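One-letter residues, chain by chain:
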Amino acid sequence: MLGTKEMRTARLLLRRHVEADAKPLHEGFGKDPAMFEYSGWNPYESLDMAEKTVAELIAGYDEPRSYAWAIEHGGRLVGTIGAYDFDAEKNAIEIGMSIEKASWGKGFATEALAAVLHYLAEEEKVATIAAWCASDNIGSRRAMEKAGMVKVKTEKDALTVGDATFDKLWYEFRGEGAEKDA
Ligand SMILES: CC(C)(COP(=O)(O)OP(=O)(O)OC[C@H]1O[C@@H](n2cnc3c(N)ncnc32)[C@H](O)[C@@H]1OP(=O)(O)O)[C@@H](O)C(=O)NCCC(=O)NCCS
């Protein structure tokens, strides 16, 4: 098991976090409401919080089943992708990702996600890789589908962010043969 292994895709470098990531994560992610519109989750709200989050991610590398990559394009940090909550009994893990708004729609999420899904399935031998998103989060849905995940469950009105309520869509990557729900 190699944990958060450095990887290159056609355009991206996926690498381990370093302390210096805290500032760009606060500036590019923590200050932009578009980054947490569909999750309500903002661990980079202040520089302090971003530093604490990055320190926790770095400490997590001691546990090989805790995966956290910074996504770089052209030497700049443009996103994050990680996998967490490994369930040893089911050999399953959950994945999450974000791309700074200025870099949306360039296929970066799809490219990073495909690399991580194949790495976790083929090299780390994780049987089931799951992710969820709000039904209105079209970019996330499209990226997951293009990277080979299939929708397996819809939880009606299960997600509340501020005043908004969304259906919570669950996706899985199980290689060939995963069944789609209606
Ligand atoms: C979801 C997210 C990671 C997508 O990142 P991205 O790099 O823009 O995704 P991609 O460029 O790979 O896009 C995949 C597809 O979705 C489309 N897309 C991306 N953002 C979109 C948007 N806001 N509205 C409509 N379509 C969108 C792209 O055009 C592409 O479709 P296409 O291939 O048919 O042209 C990014 O929007 C994000 O970080 N959002 C905030 C955090 C978040 O919601 N994370 C996911 C939580 S589950």
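Up top you'll find the structure we're talking about.
Residues numbered from 1 in each chain as written. Predicted model: local features only at pLDDT ≥ 70, side-chain atom pairs only at ≥ 80, totals over all residues.

## Digging into the overall build of the protein chain
For the protein chain, the count of helices and strands is 4 helices and 8 strands. For the protein chain, the sequential pattern of α-helices and β-strands runs β-β-α-α-β-β-β-α-β-α-β-β. Dimensions of the protein chain along its principal axes, counting C-alpha atoms only, are 45 × 40 × 30 Å. When the 182 residues of the protein chain are sorted by exposure, 33% land in the buried category. Across the protein chain, contacts joining residues at least 24 apart in sequence account for 61% of those joining residues at least 6 apart. (Helix = DSSP H or I, 4+ residues; strand = E, 2+ residues; numbered from the N terminus. Buried ≥ 20, exposed ≤ 12 C-beta atoms within 10 Å, placed from the backbone. Contact = placed C-beta atoms within 7 Å.)

## Overview of helix 3 (residues 108–123)
Within an α-helix, residues lying three or four positions from one another point in the same direction, as the helix has 3.6 residues per turn. Taking 1.5 Å per residue as the helical rise, helix 3 with its 16 residues ought to reach 22 Å, and the 22 Å between its terminal C-alpha atoms agrees with that figure. Of the residues making up helix 3, those classed as buried are Phe-108, Ala-109, Thr-110, Glu-111, Ala-112, Leu-113, Ala-115, Val-116, Leu-117 and Leu-120. Taken from the residues just after helix 3, Lys-125 is the one with a positive phi, measuring 60°. (Expected span 1.5 Å × (residues − 1).)

## A short note on the nonpolar core
Grouped together as the largest cluster of nonpolar side chains are 44 residues, with contacts concentrated most on Ile-71, Ile-81, Ala-112, Leu-113, Val-116 and Ile-129. The greatest single-element share of this core, amounting to 8 residues, is contributed by helix 3. Apart from residues lying up to four places away in sequence, Val-116 is in contact with Ile-81, Ala-83 and Ile-95. (Core = buried A, V, L, I, M, F, W, Y, C linked by C-beta atoms within 7 Å.)

## A word on the site of the ligand
Around the ligand there are 22 residues in total, and Trp-104, Ala-109, Thr-110, Gly-139 and Arg-142 lie nearest to it. Of all the elements in the fold, those that place two or more residues in the shell around the ligand are strand 5 (92–99), helix 3, strand 6 (128–134) and helix 4 (138–146). It is helix 4 that provides the largest number of residues to the shell around the ligand, a total of 6 residues. (Near = placed C-beta within 6 Å.)

## Examining the packing of helix 1 (residues 22–30) against helix 2 (residues 47–59)
Packing of helix 1 against helix 2 leaves a shortest axis separation of 8 Å and a crossing angle of 120°. When the axis of helix 1 is compared with that of helix 2, the two are oblique. Seen from above, helix 1 lies across helix 2 with right-handed handedness. Of the residues in helix 2, those touching helix 1 at Ala-22, Lys-23, Leu-25, His-26 and Gly-30 are Leu-47, Ala-50, Glu-51 and Val-54. (Axes fitted to C-alpha atoms, helices over the stretch in contact; angles between N-to-C directions. Parallel < 35°, antiparallel > 145°, perpendicular 65-115°, else oblique. Left-handed = near helix turned anticlockwise from the far one by under 90°.)

## A closer look at the pairing of strand 8 (residues 164–173)
With 6 bridges connecting them, strand 6 and strand 8 associate as antiparallel partners. In the strand pairing of strand 8, Trp-132 is matched with Trp-170. When strand 7 (residues 150–161) meets strand 8, the two strands line up antiparallel, connected through 8 bridges. Within strand 8, the residue paired with Glu-155 across the bridge is Lys-168. Between strand 7 and strand 8, which pair antiparallel and follow one another directly, the connecting turn spans 2 residues, one of which, Gly-162, has a positive phi of 60°. (Pairing = 2+ DSSP bridges.)

## With respect to the environment of Leu-159
The residue Leu-159 is located in strand 7 in this model. Among the residues examined, Leu-159 registers 21 C-beta atoms within 10 Å and is labelled buried. Through-space distance from the C-alpha of Leu-159 to that of Leu-169 is 9.5 Å; in sequence the pair is 10 residues apart. Those residues within four positions of Leu-159 in sequence are excluded, and the remaining contacts are Ala-134, Thr-165, Phe-166 and Lys-168.

## Comments concerning helix 4
Of the residues making up helix 4, those classed as buried are Ser-140, Ala-143 and Met-144. What you see down the axis of helix 4 is that its buried residues fit within an arc of 95°, all on one side. Residues of helix 4 that are buried make contact with helix 3, strand 6 and strand 8. Where helix 4 terminates, the next one or two residues include Gly-148, which has phi positive at roughly 105°. (Arc of directions from axis to C-beta.)

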